[in-house]
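Listed below are the residues making up each chain.
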Amino acid sequence: MKKIYQDIEHKRAEGDIWFKDLKRKRDTGPTLNDHRYSEYNASTKSVHAGQYDDPKTGALGTPIYQCSTFYLNKNSYEAIEEGRGRDELIYTRYGNPSQWSVQEKLSALENAESSIVFSSGMAAISSTILAMLDKGSHIISSRDIYGGTYNFLYEDLDRYGMSISFTSPSNLNEIEAAIKENTKVLFFEALSNPLLKLVPIKAIVALGKKHNLRVIIDNTFLTPYNVKPLDLGVDLVLNSASKYLGGHSDLIAGTVSGSRKLIDRIWPQMLKNGGSLDPHACFLLERSLKTFALRMRTHNSNAMALATYLENHSGIRKVYYPGLPSHEQHELAMEQLNGKNSGMISFEIEGGDPNAHALLDHLKLPKEATSLGGVESLISLPYNTSQASLTKKQQKAIGINDGLVRLSVGIEDIEDLISDFDQAINKVLKNTDTYVEQY
Ligand SMILES: *Cc1c(COP(=O)(O)O)cnc(C)c1O
């Protein structure tokens with residue numbers, strides 16, 4: 001017992017020294033820890049980084065600091081007066097140890113100096129974009145992005161006196177031609193939905209450097225396990241943590257990571273828009289992230305095996321998967337993803353949408369639901385979900401063909417997934433005529 005108390009006293013003393021240090025060193029964090037695990041690999045970071053073991057009790061694991069406010073002291077009064085409240089615990093919308101803990105784990109996984117967690121992916125995206133643009137400035141993005149983001153850019157920016165141009169994310173000439181004197185930001189998604197087109201991140205970063213623009217990447221579909229955009233020179237990386245980072249289809253959250261300087265600029269925007277993440281959701285996200293690398297390995301390898309199976313099935317017309325040599329950008333995928341892959345697959349079934357519906361009916365394991373990145377396989381049809389606002393003609397124009405299915409491959413056993421798809425596809429094809437009549 002005495003030894004434990006001595007250790008705790010020792011840790012506390014160390015903690016005190018570290019806290020004082022923080023006032024001078026502002027390059028990373030905010031944090032409660034003195035170890036950033038930056039030299040370790042993805043699974044070690046997932047497990048250990050950011051975890052705050054309460055020195056007073058010795059409890060293992062970050063406690064849920066379910067409080068809205070904190071006792072004021074000399075440090076917090078000084079911080080408020082000097083406008084550097086991000087490094088002190090004052091009020092939970094400003095910061096909370098549960099937020100700091102999960103933010104630090106994220107920073108470790110993204111190789112970032114600093115991160116902020118938000119109440120949703122959209123809160124992260126809207127606050128980040130507003131913080132990076134001034135009145136009168138211009139942003140370049142693509143129509144091939146998440147619907148919520150598109151709506152925000154298309155419907156709301158001009159109300160703030162900002163403007164937007166949409167280009168193809170892989171056509172560098174088109175992007176460069178869209179750059180104006182007041183352009184400040186290039187915003188793209190690393191892997192597009194649902195056709196899984198990659199954005200050439202390095203080339204876009206080079207273009208950004210040439211014209212002095214900031215590059216922001218929404219990396220929700222790939223996650224820092226498959227590519228770390230900050231390592232490729234991107235300024236800010238965003239994630240909807242409701243997907244792979246949370247990974248269990250049970251929470252809504254968003255993240256932004258980058259240099260401490262830029263993240264410190266987004267923080268006051270988060271305070272104004274109010275999208276901070278609740279301490280209990282922070283706990284869920286931090287707990288989920290402990291198995292992040294473990295889950296991603298299985299998502300990737302299951303998806304590769306299932307994509308290969310589907311491509312070899314005569315009932316499947318086309319498979320979109322960056323890991324397959326048949327993918328248009330397979331070479332770029334091999335280079336950019338550094339031997340990693342993706343857990344998402346899209347494919348077209350023979351017989352079009354009626355057969356796609358029938359397939360969903362016959363599958364036993366994948367759940368018919370929108371969203372992605374959960375431990376369970378999730379399946380949906382883009383034509384009546386993510387791209388439902390487009391006419392059939394518009395859908396065709398952007399490559400959403402009849403019979404297109406989007407699949408987020410879960411971590412079930414691959415043998416079970418393949419045999420489920422096998423029985424379902426074979427049933428659909430055998431019954432094609434009846435199913436065509438039904439729909
Ligand atoms: C889901 C998603 C979002 C929005 O995230 P929420 O957490 O639902 O607000 C943004 N971008 C992409 C690519 C997404 O898939």
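Every chain's residues receive numbers from 1 upward, in the order its sequence appears when written. Local features in a predicted model are, by the rule used here, given only for residues with pLDDT of at least 70; side-chain atom pairs are given and counted only at 80 or more, and totals for whole chains, interfaces and linings are based on all residues. To get the side-chain values, all heavy atoms of the structure are used, and hydrogens and water are removed first.

A few points about the domain arrangement of the protein
Cut-off, in case you're wondering: Throughout the structure description, domain borders are defined by an automatic or database domain assignment. Only heavy atoms enter the contact rule, under which two residues are in contact if any of them lie within 4.5 Å. Take the accessible area each of two parts loses on contact, using a 1.4 Å probe, and add the two losses: that sum is the buried area. By salt bridge we mean one thing: a side-chain nitrogen of Lys or Arg within 4 Å of a carboxyl oxygen of Asp or Glu. Under this definition, polar contacts are N or O atom pairs within 3.5 Å; protein pairs additionally need one hydrogen-donor-capable and one acceptor-capable atom, and for neighbouring residues in sequence, both atoms have to be side-chain atoms.
Here the protein is partitioned into domain 1 (8-59 + 96-290) and domain 2 (293-430). On a C-alpha basis, the centres of domain 1 and domain 2 stand 27 Å from each other. Listed per partner, the contact involves 32 residues of domain 1 and 39 residues of domain 2. Roughly 2,800 Å² is buried in total at the junction of domain 1 and domain 2, and carbon and sulfur atoms are behind 57% of that figure. Run the count over domain 1 and domain 2 and you get one salt bridge. Here Lys202 ties to Glu335 by a salt bridge, and the two come within 3.4 Å at their closest N and O atoms. At the boundary of domain 1 with domain 2, the tally comes to 15 residue pairs in polar contact (both at pLDDT 80 or more).

A few points about the sheet that holds strand S11 (residues 378-380)
Our working rule: By the convention used here, strands pair only if DSSP detects at least 2 bridges between them. Numbering of helices and strands runs from the N terminus; a helix is a DSSP stretch of H or I covering at least four residues, while a strand is a stretch of E covering at least two. Axes here refer to lines fitted to C-alpha atoms; in helices the fit is confined to the stretch in contact. Angles between the N-to-C directions go from 0 to 180 degrees.
Ordered in space as S8-S9-S12-S11-S10, the five strands form an open sheet in which the pairing is mixed. Every interior strand has two partners, whereas the edge strands, strand S8 (316-320) and strand S10 (367-368), have only one. Bridge count between S10 and S11: two bridges; the pairing is parallel. Pairing of Lys367 across the sheet is with Leu378, part of S11. Across the sheet, helix H12 (residues 292-311) lies against S8, strand S9 (344-349) and strand S12 (404-408), angled at about 15° from S9, the strand it touches most.

Considerations on the layout of surface pockets
Our working rule: A cavity here means a set of points on a 1 Å grid, drawn over the protein atoms and nothing else, where a 1.4 Å probe fits but cannot get out; a pocket is an open set with protein on both sides within 12 Å along at least five of seven lines, and a residue lines either one if it has an atom within 4 Å of a point. Grid points are joined across faces, edges and corners, and a volume is the space filled by probe spheres set on the points. Each residue gets one label: Ala, Val, Leu, Ile, Met, Phe, Trp, Tyr, Cys and Pro are nonpolar, Asp, Glu, Lys and Arg are charged, and the others, such as Gly, are polar.
Its boundaries defined by the atoms lining it, the largest pocket holds a volume of some 1,000 Å³. Lining the largest pocket are 41 residues; nearest its centre among them are Ile145, Tyr146, Gly147, Ser386 and Gln387. When contributions to the lining of the largest pocket are tallied by element, the ones reaching two or more residues are helix H5 (121-132), helix H6 (147-156) and helix H15 (392-397). Of the residues contributing to the lining of the largest pocket, the split by class is 14 nonpolar, 19 polar and eight charged.

Description of the pairing of strand S2 (residues 138-141)
Here is the rule: Burial status follows relative accessibility: with a 1.4 Å probe on protein chains alone, a residue under 20% of its type maximum counts as buried, one over 50% as exposed, and anything between as partly exposed. Look down the strands so they point away from you; if going from the first strand over the helix to the second traces a clockwise path, that crossover is right-handed.
What you see with S2 is no split at all: His138 and Ile140 on one side and Ile139 and Ser141 on the other are buried throughout. Direction of pairing for S2 relative to strand S3 (residues 163-166): parallel, over a ladder of four bridges. Note on S3: the bridge partner recorded for Ile140 is Ser165. Following the backbone out of S2, through H6 and into the adjacent parallel S3, one traces a crossover that is right-handed. Where S2 and strand S4 (residues 183-189) come together, three bridges link them in parallel fashion. When the sheet's bridge partners are listed, Ile140 is paired in S4 with Leu186.

Structural notes on unusual backbone geometry
The omega angle of the peptide bond from Gly29 to Pro30 is 10°, so this bond is cis rather than trans. Tracing the sequence through the fold places Pro30 in the loop between helix H1 (2-24) and helix H2 (42-48). The peptide bond linking Asn193 to Pro194 adopts the cis configuration, its omega dihedral lying at 0°. You can see Pro194 is positioned in the loop between S4 and helix H8 (201-210). For Thr223, which is not glycine, the phi dihedral falls at a positive 70°.

Describing the nonpolar core
Stated precisely, the cut-off is as follows: Here, nonpolar core refers to any group of buried Ala, Val, Leu, Ile, Met, Phe, Trp, Tyr and Cys residues whose side-chain atoms link them within 4.5 Å.
Within the largest apolar cluster, 44 residues are counted, with the highest numbers of intra-cluster contacts made by Leu186, Phe188, Leu285 and Leu289. Each of domain 1 (8-59 + 96-290) and domain 2 (293-430) gives at least three residues to this core. In contact with Leu289, not counting residues within four places along its chain, are Ser46, Val102, Lys105, Leu106, Leu109, Leu245 and Arg295.

Section: the packing of aromatic side chains
Stated precisely, the cut-off is as follows: A pair of Phe, Tyr and Trp rings is counted when the ring centres sit within 6.5 Å of each other, with Trp represented by its six-membered ring. The angle between the planes then sorts it: under 30 degrees is stacked, over 60 is edge-to-face, the rest tilted.
Enumeration according to the criterion identifies eight aromatic pairs in this entry. Each ring, one from Tyr91 and one from Tyr94, has its centre 6.1 Å from the other, and the planes form 75°; the classification is edge-to-face. Between the aromatic rings of Tyr154 and Phe166, the centroid separation amounts to 6.5 Å while the plane-to-plane angle is 45°, which identifies the pairing as tilted. Placement of the pair is Tyr154 in helix H6 and Phe166 in strand S3, with a sequence separation of twelve residues. Pairwise contacts between aromatic rings join Tyr91, Tyr94 and Trp267 into one cluster.

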